[in-house]
Amino acid sequence: MDPNPKNFPILSYVMSRLPSLTTKTASNNFDLEQPPLEDPSSSYVGPLGPQIVGQRPNLDDPNLFASMASAISDVAQARSVLNLIGDRPTHEEVDTARADLADLEARLSRQLEEIVLEPRPADVDIHAWRARQAERELKCREEAEKERRIVKSVIQLDEMHDAYERLLADAEKRLVRIYDGAGDSAADDAGGSAAAAGGSDEMNEEVAEILQEAYGKGMERVDLSGRRLRLLPEAFGRISGLVVLDASSNQLSTIPDSIAGLQNLEELNLSSNLLNSLPDSIGLLQKLKFLNVSGNKLSALPDPICHCRSLVELDVSFNSLTYLPTNIGYELPNLKKLMIQLNKIRSLPSSICELKSLRYLDAHFNELHGLPIAIGRLTNLEVLNLSSNFSDLKELPETFGDLTNLKELDLSNNQIHALPDTFGRLDSLMKLNLDQNPIELPPMEIVNQGVEAVKTFMAKRWIDILLEEERKSNQEMQEQAQNGWLTRSTSWLKNVSGNVIGYLGTVGSPMAPKSPRDSYLDQQL
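Note that the coordinates shown come from a computational prediction; the quantities given were computed from them, not determined experimentally.

1. Topic: the overall build of the protein
Here is step 1 of the chain: For the protein, the helix and strand inventory stands at 11 helices and 10 strands.
Here is step 2 of the chain: Looking at the protein as a whole, 41% of its 525 residues qualify as buried.
Here is step 3 of the chain: Residue pairs at least 24 apart in sequence account for 44% of intrachain contacts in the protein once pairs closer than 6 positions are excluded.
Here is step 4 of the chain: Summed over all atoms, the accessible surface of the protein reaches about 28,600 Å², with 51% contributed by carbon and sulfur.

Written as structure tokens, this is what we have:
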């Protein structure tokens, strides 16, 4: 719940010094005296606390600090509330809740329609029938409302966390304004904006010429990179023969919906821009194989991006993503390379385990709390980078050992204490990085010997586990067999004893009929 120093440096610094939060901040996942995440967008490097003070030396001023503390009282209150309510649900859980809510509404509608259309029995008065219908309708609505409250609580919790994220961003801006003072460098900004606007006009003329040439000659490749463009003309969507479009390293904040007209587009590079979102129409690019939107300001990917079924490489790194589309794994059968590093992703959707063609996955510098249980289904995966998820990533699922084609694995800078027991099955593994983890299993002396030593140790451990399980299984079978023999023996003894008792009961009773086994029993006795 605490603000991440990587994204909110001044806010985290101020909150760490608030007396009411001191005890809670002591257990914070982030240490202000430790190096921050290597975020290329951050101007803060080195030890974070001293660096902030070094960049803004007046932060220690009592009056300034008091002003800042009062300005973020709403953040402290919201933080307290969220600490009581709980962690943010995953995007997949929210999607499921929304689907359940829609199903609930549809089911209620059907039930109410059935009540209204149900014919009235001839022996029931119309007023009594209407009263009975009203009672049934009320009961249906009450039951639906109970279910609705449970489902909506998940959605509302996500919305509260989303609002808290916006609150943190606003609070950071307030603190920057308080420190810098209102109106600083306004003239410089205005001058810079005017120059940029002029440059943009010049660039737009050049783009118009390129556009006209591409349309007339049917060009397949257009390079608009590094031209300080602020927008792409809608007319680009009419160059139907375009195969490659590079608009990287510009100042684009939006992409027009007309991009859907590029039906033959196979490669699209929009990296290093100012994009806050992508249009839903991008899902209509059925031939798109390579998509690069790294280095933007994306907080989410549109769900229709999953319809780009020809995608082979997808690079969404260095953005502000907190989740991936829920169905991303079900609809991208050809995806081989997925780069999601340098984001804020907390969990991977379970559908990602269905990316059967995936060979390369880079998820370093995120906030992953773990991996989907079925991660072992990515049997073609060769390179996996999960480094620098820091205090969030603590363990790997047992199915990890099913990644039999994995060649390179980076788990550095996490909080992993033990490798899964199945780790020894990774026969293809050639590179392994476990640096900066509190590893206990295997022992550090084994880790220091390299990847082959780790594989041998874990493989032997896995064999020992299997042998122990087999021994226990055999022992249980023997015990069951012995128990069965004892049961049969007890039954036989009961029968014999019953016959003996029956025989003894006849002794001394001359009128009693003799059993046909009397002579045999006499002999035995």
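There's more to say after this.
2. As for the side chain of Asp-158
Here is step 1 of the chain: Relative to the helices and strands, Asp-158 resides in helix α7 (residues 126-180).
Here is step 2 of the chain: Look past the residues within four positions of Asp-158 in its chain and what remains in contact with it is Arg-88, Pro-89 and Val-94.

3. So, a negative patch on the surface
Here is step 1 of the chain: A cluster of like negative charges, contributed by Glu-234, Asp-257, Asp-280 and Asp-303, occupies part of the molecular surface.
Here is step 2 of the chain: Mapped onto the fold, Asp-257 is located in the loop between β2 (244-246) and β3 (267-269).
Here is step 3 of the chain: With relative accessibility at 52%, the residue Asp-257 sits in the exposed group.

4. Section: the confidence of the model for the protein
Here is step 1 of the chain: Mean pLDDT over the protein stands at 79; residues scoring 70 or higher make up 78%.
Here is step 2 of the chain: Here residues 22-47 is a poorly scored stretch, pLDDT under 50, and it has 48 contacts once near neighbours within four places are set aside; other chains count.
Here is step 3 of the chain: Across residues 182-202, confidence stays below pLDDT 50; counting only partners more than four residues off in sequence or on other chains, it has four contacts.

5. Observations concerning the side chain of Arg-346
Here is step 1 of the chain: Residue position: Arg-346 is located in the loop between β6 (337-339) and β7 (360-362).
Here is step 2 of the chain: Ignoring anything within four residues of it in the chain, the contact list for Arg-346 reads Arg-88, Pro-89, Thr-322, Glu-367, Leu-368 and His-369.

6. Quick notes on a nonpolar patch on the surface
Here is step 1 of the chain: A surface patch of nonpolar side chains, about 320 Å² in accessible area, is lined by Leu-84, Ile-85 and Met-160.
Here is step 2 of the chain: Secondary-structure assignment places Leu-84 in helix α5 (residues 73-85).
Here is step 3 of the chain: Among the residues examined, Leu-84 registers a relative accessible area of 78% and is labelled exposed.

7. Notes on unusual backbone geometry
Here is step 1 of the chain: Here Leu-441 and Pro-442 are connected by a cis peptide whose omega angle stands at 0°.
Here is step 2 of the chain: As for its placement among the helices and strands, Pro-442 is situated in the loop between β10 (431-433) and α9 (444-447).
Here is step 3 of the chain: If you check the backbone angles, Ser-249 has positive phi at about 55° while not being a glycine.
Here is step 4 of the chain: Mapped onto the elements, Ser-249 comes out in the loop between β2 and β3.
Here is step 5 of the chain: Here the phi dihedral of Phe-365 falls at roughly 55°; this positive angle occurs in a residue that is not glycine.
Here is step 6 of the chain: You can see Phe-365 is positioned in the loop between β7 and β8 (383-385).
Here is step 7 of the chain: For Phe-365, a relative accessible area of 10% translates into the label buried.

8. Observations regarding the sheet that holds β6
Sheet strands line up and pair through hydrogen bonds in the backbone, either parallel or antiparallel.
Here is step 1 of the chain: In spatial order, the strands read β1-β2-β3-β4-β5-β6-β7-β8-β9-β10; together these 10 strands make up an open sheet with parallel pairing. Sheet topology places β1 (221-223) and β10 at the edges, where each strand pairs with a single neighbour. Neighbour-to-neighbour, the strand axes of this sheet turn through a mean angle of 5°, independent of strand direction.

9. Here we look at helix α4 (residues 62-71)
Here is step 1 of the chain: For α4, the full list of buried residues reads Leu-64, Phe-65, Met-68 and Ala-69. Viewed end-on, α4 has its buried residues packed into an arc of 135°, placing them on one side of the element. For α4, exposure combined with an orientation more than 90 degrees from the buried face picks out Pro-62, Asn-63 and Ser-70.

10. A few points about the packing of helix α6 (residues 91-117) against α7
Here is step 1 of the chain: Contact pair α6 / α7: the axes reach a minimum separation of 9 Å and the direction vectors enclose 170°. Compared by their axis directions, α6 and α7 come out roughly antiparallel.
Here is step 2 of the chain: Classifying every residue of the contact of α6 with α7 by side-chain character gives 13 nonpolar, two polar and 12 charged.

11. Topic: the state of the cysteines
Here is step 1 of the chain: According to the stated counting rule, one finds zero disulfides in the structure shown.
Here is step 2 of the chain: Between Cys-306, a free cysteine, and Cys-308, which holds the nearest cysteine sulfur, the sulfur-to-sulfur gap is 8.6 Å.

12. Describing α6
Along an α-helix, residues three or four positions apart point the same way, because every turn accommodates 3.6 residues.
Here is step 1 of the chain: Helix length check: α6 (27 residues) gives 39 Å between terminal C-alpha atoms against 39 Å at 1.5 Å per residue, within 8%.
Here is step 2 of the chain: If you check which residues of α6 are buried, you get His-91, Val-94, Ala-97, Leu-101, Leu-104, Leu-108, Leu-112 and Ile-115.

13. Looking at the packing of α4 against α7
Here is step 1 of the chain: Two elements in contact, α4 and α7, have axes whose closest approach is 10 Å; the angle formed by their N-to-C orientations is 155°. Here α4 is positioned roughly antiparallel relative to α7, judged by the angle of their axes. α7 is crossed by α4, and the crossing has right-handed handedness. Residues Leu-64, Ser-67, Met-68 and Ala-71 of α4 pack against Arg-174, Leu-175, Ile-178 and Tyr-179 of α7.
Here is step 2 of the chain: In the contact of α4 with α7, the residues fall into six nonpolar, one polar and one charged.

14. Some words on the pattern of salt bridges
Here is step 1 of the chain: Enumeration according to the criterion identifies 14 salt bridges in this entry.
Here is step 2 of the chain: For Glu-137, the salt bridge identified is with Arg-141, shortest N-O distance 3.2 Å. Pair noted here: Glu-137 and Arg-141 are both in helix α7, with a separation of four residues, about one helical turn.
Here is step 3 of the chain: Among the residues examined, Glu-137 registers a relative accessible area of 29% and is labelled partly exposed.
Here is step 4 of the chain: Across the pair Glu-145 and Arg-149 runs a salt bridge, and its minimum N-O distance is 4.0 Å. With Glu-145 and Arg-149 both in helix α7 and four residues apart, this pair spans about one turn of that helix.
Here is step 5 of the chain: Assessed through its relative accessible area of 32%, Glu-145 is described here as partly exposed.
Here is step 6 of the chain: Arg-149 sits in the exposed class, given a relative accessible area of 51%.
Here is step 7 of the chain: Taken together, the salt bridges that share partners define one network made up of Glu-105, Glu-145, Arg-148 and Arg-149.

15. Thoughts on the packing of aromatic side chains
Here is step 1 of the chain: Evaluated as defined, the whole model comprises one aromatic pair.
Here is step 2 of the chain: Considering the side-chain rings of Phe-400 and Phe-423, the 6.3 Å spacing of their centres and the 5° angle between planes classify their relative orientation as stacked. Taken together, the positions of Phe-400 in the loop between β8 and β9 (408-410) and Phe-423 in the loop between β9 and β10 put the pair 23 residues apart, joining distant regions of the chain.
Here is step 3 of the chain: For Phe-400, a relative accessible area of 0% puts it in the buried group.

Calculation criteria
- Residues numbered from 1 in each chain as written.
- Predicted model: local features only at pLDDT ≥ 70, side-chain atom pairs only at ≥ 80, totals over all residues.
- Heavy atoms only, no water.
- Helix = DSSP H or I, 4+ residues; strand = E, 2+ residues; numbered from the N terminus.
- Buried < 20%, exposed > 50% of the residue type's maximum accessible area, 1.4 Å probe, protein only.
- Contact = heavy atoms within 4.5 Å.
- Areas by Shrake-Rupley, 256 points an atom, 1.4 Å probe, with all protein chains shown as cover.
- Patch = residues over 30% accessible without salt bridge, like charges linked within 9 Å, V, L, I, M, F, W, Y side chains within 5 Å.
- Salt bridge = Lys/Arg side-chain N within 4 Å of Asp/Glu carboxyl O.
- Lys, Arg positive; Asp, Glu negative; His and termini not counted.
- Charge placed at Lys NZ, Arg CZ, Asp CG, Glu CD.
- pLDDT = per-residue confidence, 0-100.
- Pairing = 2+ DSSP bridges.
- Axes fitted to C-alpha atoms, helices over the stretch in contact; angles between N-to-C directions.
- Arc of directions from axis to C-beta.
- Parallel < 35°, antiparallel > 145°, perpendicular 65-115°, else oblique.
- Nonpolar A, V, L, I, M, F, W, Y, C, P; charged D, E, K, R; others polar.
- Disulfide = S-S within 2.5 Å.
- Expected span 1.5 Å × (residues − 1).
- Left-handed = near helix turned anticlockwise from the far one by under 90°.
- Phe/Tyr/Trp six-rings, centres within 6.5 Å; stacked < 30°, edge-to-face > 60°.

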